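# A look at the structure
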Amino acid sequence: MNILVLLRMVPDVVEELELAADGKSLEQESLRMILSESDGHAVEEALLLKERHGGTVTALALDAPEMDDALFTALAKGVDRAVKITGLEPGLTARGAAQILAQVMATAAGLLPADLILSGTQAIDDLDGSIAPLIAHSLQRPFVAIVVQVAMAPSGGTVTVVKECPGGVRAEFEVQLPAVLGIQAAEKPPRYVPVAKVRAAAKSRQIECLPAPAPLEPPLVEVLQMMKPVVTGHATMLEGPDEEIAGKICEILAERGLM
Amino acid sequence: MAGNIWVLAEQWRGRLSEITYEVVALGSEVATALGVKLQVVLLGHKMKGLADTLGRADGVLYVDHPALEEPRVETQSAALAQLIQAQQPRCVLIPLTNVTLGVGTLVAAQLQVPEISFCQDLCVLEGKLQARCVLYGGKMEVLVTAVREPTVFGIWPGARPAEKGRAEQMPAVEEVAVTLPEALPVRFKRYIEPEAGDVDVTQQDVLVAVGRGIQSQDNIELAEELAQALGGAVCGSRPVIDQGWLPLSRQIGKSGAIVKPKLYVAAGISGAPEHVEGMKNAALIVAINTDPQAPIFNVAQYGTTADALDLLPLLTEGIRKAISKKAGPS
Amino acid sequence: MIPTAVRLGPLPGWLILWVAFVLALALFARRVWFLVRLLRLGHWENRFDRLPERVKRVVTYVFGQLRLLDEPLVGIPHVLIFYGFLVFLVSTSGMLLQGLLPNVHLPSVEENRYLAPVVDIFAVLVLGGLAVSSFRRFVIRPAGLQQTVDATVVNIMIASLMVTYLFVEAFGMIAVPHESGIWLPAGRWVAGLAGKSEFLRAGAVSFHHLFWWMHVLTVLGFLVFLPYSKHMHLMASPFNVFFSQLDPPGRLAPPAQAEKLGAENIPEFSWRQLLSGFACAECGRCERVCPSHLSGEPCSPRELVHNLKEQLLRYGPAWLNQARPADEREPSMIGGLTAPAALWTCTTCMACVERCPVLNEHLSIVVDMRRRLVERGEVDARLDEALRNLGRYGNSFGQSERKRAAWTQTLGFKPKDARKEPVEWLWYLGEYACYHSGLQEITRSLARVLQAAQVDFGILYEAERNSGNDIRRVGEEGLFELLREKNTATLRQAQFKNLFSTDPHVYNTLKNEYPELDHGQHGVYHYTELLWDLLRSGQLKLKRKLPYRVTYHDPCYLGRYNGVYEAPRAVLRMLGVELKEMPRSRRNSFCCGGGGGRVWMEETRGVESRPSENRVREAASADGVQFLVVACPKDHVMFSDALKTTGLEGRLAIKDLAELVEEATTVAVEVECTA
């Protein structure tokens, strides 16, 4: 089974996000990038499938600060091949990224055909679309989003996937391969790989670099302004020792007839 | 008709979800501002009757097809794309939930039109549509416009109160036919219901919710005791369910239940948007989180930075005392 | 009257003895050689350096029996038995030799007027010691002491050796009643008793011979039995002590091989680690002081060493005969004889290592197996998260590096930035002092104290990362190395004379495990040492004496690991408080349970009484003690929590030494006195 995983970095929200001078984007100085959380789950799901059914896993990523670390970590976990697209324009939106990925996949050797293409179902900066459905459309392949489980059918031509629906309900689908899946969560949390193995991978493994093709079309959306959210409401904060706070809360509940 | 505002109704398992009405309310405002009509697109099979609460819309475009009975993103987007091409609305507002995620993107890709996601608000400025979107898990907001139309807008829950979009009246329903491919590469098999919990969290008046701040499964007992004292039930945010500390039936949020209890006590919950979506309409929200910057405080009426592990037992005690006092000397 | 000169049946006695002797020696040698071959399966470790120091160790711990006297009830008997063994070694060898060569007259101990009484008296002393230790073993039954067949057999053998010797003496005296003039009180007393019987008097020569043979054959039997039983600690422990770790305990050995870190199979352990299994006498001292074990966790240092021995004895032969391919010879020790829980629940407090009479290094075995668990990626969810955060943000709280100095915001002054300007003292805070909201005020206390004393100090602001002490002890050696590289580079660029830390864990690793930090140029201290210096020199002036009654908890990484016991006590004395020591203090201090990465791991459910709870109860039991004084941020967090869970909040409060010093040295302060 050949699996291709598409990876992208997003701003790390543990850091305070600051506005750039142009008022429309994030300030780069204080910005740290991190692998999109559901992309990390996509890698894990791919590795789980490889462990069960054999085959290869290739990671195709868009270059960003600290992407190398993420790719070497993926290689240390068991990904067979890591490819990075370099020379990207700053301010690339999800749709632009998907176009570049689609082009590279079509032209670069050995990336396609893949039985399964996995990517995170949605990233925190997917303003104008998400990678997974866009790739599915450009490759004209079946697509399921918010996938939390993937099982290969014994016959080999299909996979059974479980998608998260509202209210804790899940839906099961049978998808014909080759397919694109938007992964919400892998069946197990992403495995831990010791730093020693990542460092060893950084020394002994290679990340292939491919130049980005020129963007096909300008973005279809325009950001006019970026700002910190105006907090419309804020809770009345209760202060004091714990006993006092408990007392105040009991009063409030009593007032509202909730006891 | 060309130039109208369209809303895709979120139909799931034969019912329209709350968020449909929120988006209808928003769409109605926009349509009025632009002086055009508001039409709701309803996709389903033998579900025409669902239109009887969509009275706020000027019309409903109903597509009936067996393939639309179950929620497959491709069939929905194929149907919607055909409609859009035929009728050229100005924009389509699609509620962003687990059911519809991907529909907007596929439609936009197919028709090569812009998609703007994470929208919390839409307004009209000088005849142009401007969206206010939330990015980075709520840390930043952006004002966005689209380069051309029709535009697909993905609307985040909470844009407008649902009551404003609901009217017990059947608008004019136009049945439209679409052609959908026969053998679809994605076949719906079945629904997997969450393990029948003894408790239906959506029916509770009081919910005590725990998040990662509860630190360990053992401490959930503290929440159980408080819930018991208040006559309610315990529920949790996604991380707690993922850890296996509470069953899936107790999950509140985007992938879990949407609840509207009279009282929601959020203990050790940070208030990530996916969770807030599930509980923001509770009548009274009391949040306990040691981080004063936790976003839960933006949605709660009362909050404290006390440690939940210390406060919960004190609360339970206080409530028990107050209740026994009310009961009078025995 | 040499017993072997007489014929026994058709054969001369000496011939039978020779046969027995050669047979016993052969069996003994064969078994010992087998054990040595097993040890050689372990990887190489250089323990042959600094020979004079090693000899000194043997003198102190083997001949001096130093650690054994920690528990006097068994310590004193053991000393008697040990020296009795040495004495009898000489005596019995003489007897044996004489028996083998009956026609040659050899000088013997029995004929020496000075040596013979020693042997005679020791026979009684050993029996006395055995009586006490047997009483302890079979009646008192202390926890952790294993009741094995081995132990009983050994006790019986030693007793019979003593008894047979006394009878040999006694019947010898009866058979040849002339006065030799040598004072043999015990033998004489037995002779007196036995002489009362006509029957015994008549057969005195035969009985002398009989008991002689019994004595000698028992010794030969013991010789053969020795390397098959736990009593081989007799032979192994002197070597174990000789080859013990001379480096400071706070310096862990790096992994033996770079490819696959850690150990789970025999060849991956070092020969010295394998030897500890043979040197272990299963006395249980380690287990009796282990804080995790005492709180009901599956952690047991004794079992760990025992299991290593078991693993070696069971599967070592497969490695020796190379019968099967390498990966089929041995099941992993982890998940086999030793459960991962037994490894993860260790707090690395080193109470076990401190107690072990044969100087076993339980900690190195735990860390090597943890390294293997990390290598396999088998870490629990909380530890996984902590390690990810440590790798990415340099702290386990998952907060931005840029917030490391957030505690300075309400300080009132801005500490010097040691990255930009030279300072005399570099304060390496440690993540708990910086990020933990409950501890930041204490950090500020210390900063104010230093500022008031006009100490030229600075901090590294955002450049400070976790020093790696606990990361290394959790087994993530790769992350430790990465952080050490980064921190060393940062420290090299900063200009400072000396370095101090609020956190004993940080102190330990910077002092012992950062070889690139020029220790000749920079001294590494704990803040209590700095405070003592400042108070002593008068640079920090006391404004008042504090009228409190306190007790002090010795942090594991400050006390046991690095021997700093005096400085905090000296500070307390100068502050004028009344210091009441807890029963378990100094090197016997009882760990708070937070070390070894335990604060980063899932808490075990249903634990009887956590170490921190055990410790605060101990503190509270001291009459009138108001404060439990700590000198480690993790101690503060663990004990504060324990006060709540034990309901002792009204009884006792936790105070960091810095808080007390600030109280005693500031001009005006609001004193908050609890209890």
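What counts, and at which threshold
Residues numbered from 1 in each chain as written. Chains lettered and ligands numbered in written order. Predicted model: local features only at pLDDT ≥ 70, side-chain atom pairs only at ≥ 80, totals over all residues. Helix = DSSP H or I, 4+ residues; strand = E, 2+ residues; numbered from the N terminus. Buried ≥ 20, exposed ≤ 12 C-beta atoms within 10 Å, placed from the backbone. Contact = placed C-beta atoms within 7 Å. Rg over C-alpha atoms; globule rule 2.2 N^0.38 Å. Pairing = 2+ DSSP bridges. Axes fitted to C-alpha atoms, helices over the stretch in contact; angles between N-to-C directions. Nonpolar A, V, L, I, M, F, W, Y, C, P; charged D, E, K, R; others polar. Parallel < 35°, antiparallel > 145°, perpendicular 65-115°, else oblique. Left-handed = near helix turned anticlockwise from the far one by under 90°. Domains from an automatic or database assignment. Core = buried A, V, L, I, M, F, W, Y, C linked by C-beta atoms within 7 Å. Expected span 1.5 Å × (residues − 1). pLDDT = per-residue confidence, 0-100.

Moving on to the overall build of chain C. Regarding its fold elements, chain C presents 27 helices and 11 strands. Here chain C holds 675 residues, and the buried ones make up 48% of them. When contacts within chain C are restricted to residue pairs at least 6 apart in sequence, long-range pairs at least 24 apart make up 81% of them.

Glancing now at the overall build of chain B. Counting its regular elements, chain B contains seven helices and 17 strands. Over its C-alpha atoms chain B spans a radius of gyration of 22 Å, differing by no more than 12% from the 20 Å that the globule rule assigns to 330 residues. Seen along its three principal axes, the alpha-carbon backbone of chain B occupies a region of about 70 × 45 × 35 Å. Within the span of chain B, comprising 330 residues, buried residues form 55% of the whole. Taking the intrachain contacts of chain B between residues at least 6 apart in sequence as the baseline, contacts between residues at least 24 apart amount to 65%.

To continue, consider the sheet that holds strand β8 (residues 549-552) of chain C. Residues and elements named next belong to chain C. With parallel pairing, four strands are arranged side by side in an open sheet as β9-β8-β10-β11. The sheet terminates laterally at β9 (578-579) and β11 (653-656), the two strands that pair on one side only. Direction of pairing for β8 relative to β9: parallel, over a ladder of two bridges. Of the residues in β9, the one forming a bridge with Val 550 is Leu 579. Running at roughly 75° to β11, helix α27 (residues 657-665) makes contact with β10 (627-630) and β11 of the sheet.

Further remarks concern the sheet that holds strand β1 (residues 5-8) of chain B. Spatial ordering of the open sheet is given by β12(A)-β9(B)-β8(B)-β7(B)-β10(B)-β6(B)-β1(B)-β4(B)-β5(B)-β11(B), a layout of 10 strands whose pairing is mixed. Each end of this open sheet is capped by a strand with a single partner; those strands are β12 (221-227) of chain A together with β11 (172-176) of chain B. The mean inter-strand angle of the sheet, taken between neighbouring strand axes irrespective of direction, is 35°.

Our next topic: unusual backbone geometry. Working note: non-glycine residues mostly have negative phi, and peptide bonds are mostly trans. Residue A:Pro113 is bonded to the preceding A:Leu112 through a cis peptide linkage, with omega at 5°. You can see A:Pro113 is positioned in the loop between α3 (94-107) and β6 (116-120). Unlike most non-glycine residues, B:Tyr136 shows phi in positive territory, near 55°. Note on placement: B:Tyr136 falls in the loop between β8 (128-135) and β9 (140-146). One non-glycine residue, C:Gln65, lies in the positive phi region at around 50°. Residue position: C:Gln65 is located in the loop between α2 (51-63) and α3 (72-100). According to the C-beta neighbour criterion, C:Gln65 is partly exposed, with 17 such atoms within 10 Å.

Before going further, it helps to examine the interface of chain B and chain A. Facing 74 residues of chain B, the contacting portion of chain A comprises 65 residues. Residues belonging to the side of chain B that touches chain A are distributed by class as follows: 45 nonpolar, 18 polar and 11 charged. Relative to strand β12 (residues 186-192) of chain B, strand β9 (residues 170-176) of chain A runs antiparallel, the two being bridged by six bridges. Each bridged residue has a counterpart across the sheet, and for A:Glu174 the counterpart in β12(B) is B:Arg187.

The next thing to look at is the packing of α2(C) against helix α9 (residues 233-242) of chain C. Residue and element names in this part refer to chain C. Direction vectors running N to C along α2 and α9 enclose 135°, while the axes themselves pass 8 Å from each other. The orientation of α2 with respect to α9, classified from their angle, is oblique. Once α2 is placed against α9, the crossing between them reads as right-handed. Residues Arg 54, Arg 57, Val 58, Tyr 61 and Val 62 of α2 form the contact with α9, whose participating residues are Ser 237, Pro 238, Val 241 and Phe 242. Partitioning the contact of α2 with α9 into residue classes produces six nonpolar, one polar and two charged.

All names here are of chain C. We note that the domain assignment places domain 1 (3-241), domain 2 (254-375) and domain 3 (384-665) within chain C. Averaged C-alpha coordinates put domain 1 and domain 2 at centres separated by 32 Å. For the side of domain 1 that touches domain 2, the secondary-structure elements that each account for two or more residues are α1 (13-39) and α9. For the side of domain 1 that touches domain 2, the leading source of residues is α9, giving six residues. When the residues that make up the side of domain 1 that touches domain 2 are grouped by side-chain class, the tally is 13 nonpolar, seven polar and eight charged.

Residue and element names in this part refer to chain C. Looking at the element boundaries, Arg 484 is found in helix α21 (residues 477-493). Considered as a pair, Arg 484 and Tyr 514 are 30 residues apart in the sequence and their alpha carbons are 7.2 Å apart. Not counting residues within four places of it along the chain, the set of residues in contact with Arg 484 comprises Gly 468 and Tyr 514.

Core analysis: the biggest nonpolar cluster contains 284 residues, and A:Val5 and A:Ala59 have the highest contact counts within it. Ranked by the residues each element gives to this core, the list is headed by helix α1 (residues 18-34) of chain B, at eight residues. The contacts of A:Val5, once residues within four sequence positions are left out, are A:Ala42, A:Val43, A:Ala46, A:Val57, A:Ala59, A:Leu118 and A:Ser119. Counting 57 residues, the second-largest nonpolar core is a separate cluster that includes B:Leu246, B:Ala257, B:Val265 and B:Ile269.

Take helix α26 (residues 633-646) of chain C next. Residue and element names in this part refer to chain C. The terminal C-alpha atoms of α26 lie 20 Å apart, and with 14 residues this matches the ideal 20 Å at 1.5 Å per residue to within 8%. Within α26 the residues assigned to the buried category are Pro 633, Lys 634, Asp 635, His 636, Val 637, Met 638, Phe 639, Ala 642 and Leu 643. The secondary structure elements touched by the buried residues of α26 are α18 (431-435), α25 (611-620), β10 and β11. Immediately beyond the C-terminal end of α26, within one or two residues, lies Gly 647, with a positive phi of roughly 70°.

This next bit is on the domain arrangement of chain B. Residue and element names in this part refer to chain B. When cut into domains, chain B gives domain 1 (5-176) and domain 2 (201-327). For domain 1 and domain 2, the distance between their C-alpha centroids amounts to 33 Å. With six residues of domain 1 in contact, the opposing surface of domain 2 contributes eight residues. Across the side of domain 1 that touches domain 2, the residue classes tally to one nonpolar, four polar and one charged.

This paragraph deals with the confidence of the model for chain C. All names here are of chain C. Mean pLDDT for chain C: 91, with 98% of residues reaching 70 or above. Of all the helices and strands in chain C, strand β1 (residues 7-8) carries the lowest mean pLDDT, 76, while helix α20 (residues 469-474) carries the highest, 97. What the predictor reports for the complex is a pTM of 0.90 with an ipTM of 0.91.

Listed per partner, the contact involves five residues of chain B and five residues of chain C. Its residues assigned to classes, the side of chain B that touches chain C shows no nonpolar, three polar and two charged.

Another aspect to go through is the confidence of the model for chain B. Here chain B shows a mean pLDDT of 90. Residues at 70 or above account for 99%. When the elements of chain B are averaged for pLDDT, helix α7 (residues 308-327) of chain B gives the smallest value, 87, and strand β10 (residues 151-155) of chain B the largest, 96.

Residue and element names in this part refer to chain C. Taken across its six residues, strand β4 (residues 423-428) has five buried, putting it largely inside the fold. Pairing analysis gives five bridges linking β4 to strand β6 (residues 496-501), with the strands arranged parallel. For Trp 427, the partnering residue across the bridge sits in β6 and is Phe 500. Bridge count between β4 and strand β5 (residues 457-459): two bridges; the pairing is parallel. Opposite Leu 426, over in β5, you have Gly 458 as the bridge partner.

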